[in-house]
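Topology and contacts: notes
Each chain, written out:
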Amino acid sequence: MKLTGVAAIESGILNRGEGLGNSATAKKTAFIDGMKVYCSPPAYKASIWTNLIEKGKFNKPLIPYSKLSKIDDKVVVQRTGTIVESEEVDLGGTMLANTSQGFSYKREGSFTVDNLISINSYLGDMDFITNGRIASIHGVKNQIVNREMFYGLYVCNFVLEIDRVGIQLIHENYFQKNDETAQEEPQGESQDKKKKNKKPKVSQVNKELFTSSSNNVEKLVELYRLCLPEETDDTREAIARKYIDRVERIYYSEKLKSVVIILTKEERIRRIKELLITMGELGRRMEGSYRNLVPSWVAMSLDYQFPKYYIEAKNVLSKQVREGYLDFDELTNDILQFVENDKFDEKDQKTIYIATPKNYTDTVKRIMERIEEHIDSYEFDEDALWRF
């Protein structure tokens, strides 16, 4: 099951570009009818994670270093851990290219968002900032800073893979590390010789532990040796014991060649609910203010693999903006008709949920009822778990 959606959000600049000199640029991309302003998926999702952490609903993500002093400007800081203690790893995913102990580690996120693209075009509006009041108080000259300004309607689509929330596969290849007993590569060798003399990978996965009846704390500590390589076992065990109640099962699948983590149904439902609620009351702190990310209009469905109604919604809104008006009731009627026409036959059941700020919470409650029913009755099938 997937929850797909399309959101229309009325807001100002949500993402800045690199800037040129003393000019702060908006993130823009070219389209056939003009220059469009956009907000990137990482920026939008970062707003969600930040809001959830501030509300105490999600945990701060872990990083693979016990001390920040070990991180320098040559290291890309990335979240780590498992889906057990980190909701961000569960929904947003992560990738560690190579840890200090030679491991690689990856988790594909279960929640994906496309770029938030503006319907109306950027027309070159600028704002000039001088901090003139402070300069005049101290009797000093001040340099002008230019900011590109924009206000308009953004549209984006998103997909939440319900069946992947709270389930993680860690392939045994991720447990492999360089063989420390292998011969060191001699200096000054050619690339071909270096490849030939490269240290072989050795599997480190403890299959006996993960196939035994050992408690989940021991298994989780073993996983933390992979994704939290810099921590001590005491720290790993403390993290495991704190969040172990979220775990339904951890085991090794010979068929999938992976360690499988399955969270409790209650925890999976909680994460989905908190995500959807937060998307309906979202803001992004930027340049001394909160920018609105609350959808003026959103359509969601549990009956599509991808929100194909996104194209129709974008076309309707583009037409309205070109003609100088905005009518979400008209958009709602058009999308309802689109879904009705999209049914293959009478047996084809497709439901679309339309929400505005006025009825967003009630709409999420109705969607969650269907999601809870699905999760309660869902049977895990290893043949379907390969993509997790």
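Figured I'd write up the structure that's included with this text. (Residues numbered from 1 in each chain as written. Predicted model: local features only at pLDDT ≥ 70, side-chain atom pairs only at ≥ 80, totals over all residues. Heavy atoms only, no water.)

**A short note on the packing of aromatic side chains**
Counted under the stated rule, the structure contains 5 aromatic pairs. Seen in terms of ring centroids, Trp-49 and Phe-111 are 6.5 Å apart; in terms of plane orientation they differ by 75°. Their pairing is edge-to-face. Of this pair, Trp-49 sits in helix H1 (residues 41-54) while Phe-111 sits in strand E7 (residues 111-113), and the two are 62 residues apart along the sequence. Overall, the relative accessible area of 5% leaves Trp-49 in the buried class. Taken together through their ring pairs, the aromatic side chains of Trp-49, Phe-58, Phe-111 and Phe-158 make up a single cluster. A cation over a ring is seen here: Arg-249 above Tyr-251, with NZ or CZ 3.8 Å from the ring centre. (Phe/Tyr/Trp six-rings, centres within 6.5 Å; stacked < 30°, edge-to-face > 60°. Helix = DSSP H or I, 4+ residues; strand = E, 2+ residues; numbered from the N terminus. Buried < 20%, exposed > 50% of the residue type's maximum accessible area, 1.4 Å probe, protein only. Lys NZ or Arg CZ within 6 Å of the ring centre and 35° of its normal.)

**As for the pairing of strand E15 (residues 247-253)**
It is a general feature of regular strands that their side chains alternate between the two faces of the sheet. A large share of E15 lies buried, amounting to 5 of its 7 residues. Pairing analysis gives 6 bridges linking E15 to strand E16 (residues 258-263), with the strands arranged antiparallel. From the neighbouring strand, Ser-253 faces E16, where its bridge partner is Ser-258. (Pairing = 2+ DSSP bridges.)

**A closer look at the packing of H1 against helix H8 (residues 265-279)**
At a minimum axis distance of 10 Å, the contact between H1 and H8 shows a crossing angle of 110°. When the axes of H1 and H8 are compared, the pair comes out roughly perpendicular. Viewed along their axes, H1 and H8 form a crossing whose handedness is right-handed. Across the interface between the two elements, Tyr-44, Ile-48, Trp-49, Asn-51 and Leu-52 from H1 touch Glu-274, Leu-275, Thr-278 and Met-279 from H8. (Axes fitted to C-alpha atoms, helices over the stretch in contact; angles between N-to-C directions. Parallel < 35°, antiparallel > 145°, perpendicular 65-115°, else oblique. Left-handed = near helix turned anticlockwise from the far one by under 90°. Contact = heavy atoms within 4.5 Å.)

**Overview of the side chain of Ser-47**
On the secondary structure map, Ser-47 appears in helix H1. Since its relative accessible area comes to 4%, Ser-47 is described here as buried. Polar side-chain contacts of Ser-47 include one of 3.1 Å to the backbone oxygen of Ala-43. A polar atom in the side chain of Ser-47 sits 3.2 Å from the side chain of Arg-284. (Polar contact = N/O pair within 3.5 Å; in protein donor to acceptor, adjacent residues only side chain to side chain.)

**Some remarks on the layout of surface pockets**
Volume-wise, the largest pocket comes out at about 270 Å³. When residues of the lining of the largest pocket are traced back to their parent elements, those giving at least two are strand E3 (28-31), strand E8 (116-121) and helix H9 (309-322). The element that contributes the greatest number of residues to the lining of the largest pocket is H9, accounting for 6 residues. A breakdown of the residues in the lining of the largest pocket according to their chemical character gives 7 nonpolar, 4 polar and 4 charged. (1 Å grid on protein atoms, 1.4 Å probe; cavity = no way out; pocket = protein on both sides within 12 Å on 5 of 7 lines; lining within 4 Å. Points joined across faces, edges and corners; volume = space filled by probe spheres on them. Nonpolar A, V, L, I, M, F, W, Y, C, P; charged D, E, K, R; others polar.)

**A word on the environment of Ala-384**
Structurally, the position occupied by Ala-384 is in the segment after helix H11 (360-377). Looking at Ala-384, the relative accessible area reads 28%, which means it is partly exposed. In the structure, Ala-384 is positioned 221 residues away from Asp-163 in sequence and 9.9 Å away in space, judged by C-alpha atoms.

**Here we look at the pattern of salt bridges**
Throughout the structure, instances matching the rule amount to 21 salt bridges. In this structure, Glu-281 and Lys-55 form a salt bridge, with 2.9 Å as the shortest nitrogen-oxygen distance. Of the two residues, Glu-281 sits in the loop between H8 and strand E17 (283-286) while Lys-55 sits in the loop between H1 and helix H2 (87-92), which places them 226 residues apart along the sequence. Residue Glu-281 is classed as partly exposed on the basis of its relative accessible area of 44%. According to the relative accessible area criterion, Lys-55 is partly exposed, its value standing at 35%. A salt bridge links Asp-233 to Arg-236; the shortest N-O distance between them is 2.7 Å. Placement of the pair is Asp-233 and Arg-236 together in helix H7 (residues 233-243), with a separation of 3 residues, close to one helical turn. Residues joined by salt bridges that share partners form a network here, namely Glu-87, Asp-90, Arg-107, Arg-246, Glu-267, Arg-270 and Arg-271. (Salt bridge = Lys/Arg side-chain N within 4 Å of Asp/Glu carboxyl O.)

**Some thoughts on H7**
Along H7, the residues classified as buried are Arg-236, Ile-239, Ala-240 and Tyr-243. Buried residues along H7 cover an arc of 100° about the axis, so they all sit on one side. Of the exposed residues in H7, the ones pointing more than 90 degrees away from its buried face are Asp-234, Arg-241 and Lys-242. In this fold, the buried residues of H7 make contact with helix H6 (216-227) and E15. (Arc of directions from axis to C-beta.)

**Brief notes about the nonpolar core**
Counting 45 residues, the largest nonpolar core has Tyr-44, Phe-111 and Leu-116 as its most contacted members. With 6 residues, the top contributor of residues to this core is H11. Setting aside residues up to four positions removed in sequence, Leu-116 forms contacts with Ile-9, Leu-14, Val-37, Tyr-38, Cys-39, Tyr-44, Tyr-154, Val-155, Cys-156 and Leu-293. (Core = buried A, V, L, I, M, F, W, Y, C linked by side-chain atoms within 4.5 Å.)

**As for the sheet that holds strand E12 (residues 167-171)**
Taken together, the 3 strands give an open sheet; going across it, the order is E12-E16-E15, and neighbouring strands pair in antiparallel fashion. Of all the strands in the sheet, just E12 and E15 have a single pairing partner and so form its edges. Here the average twist between neighbouring strands, direction ignored, is 15°. Together, E12, E15 and E16 form the strand contacts of H6, whose direction differs from that of E15 by roughly 65°. Relative to E16, H8 is tilted by about 75°, and along the sheet it contacts E12, E15 and E16.

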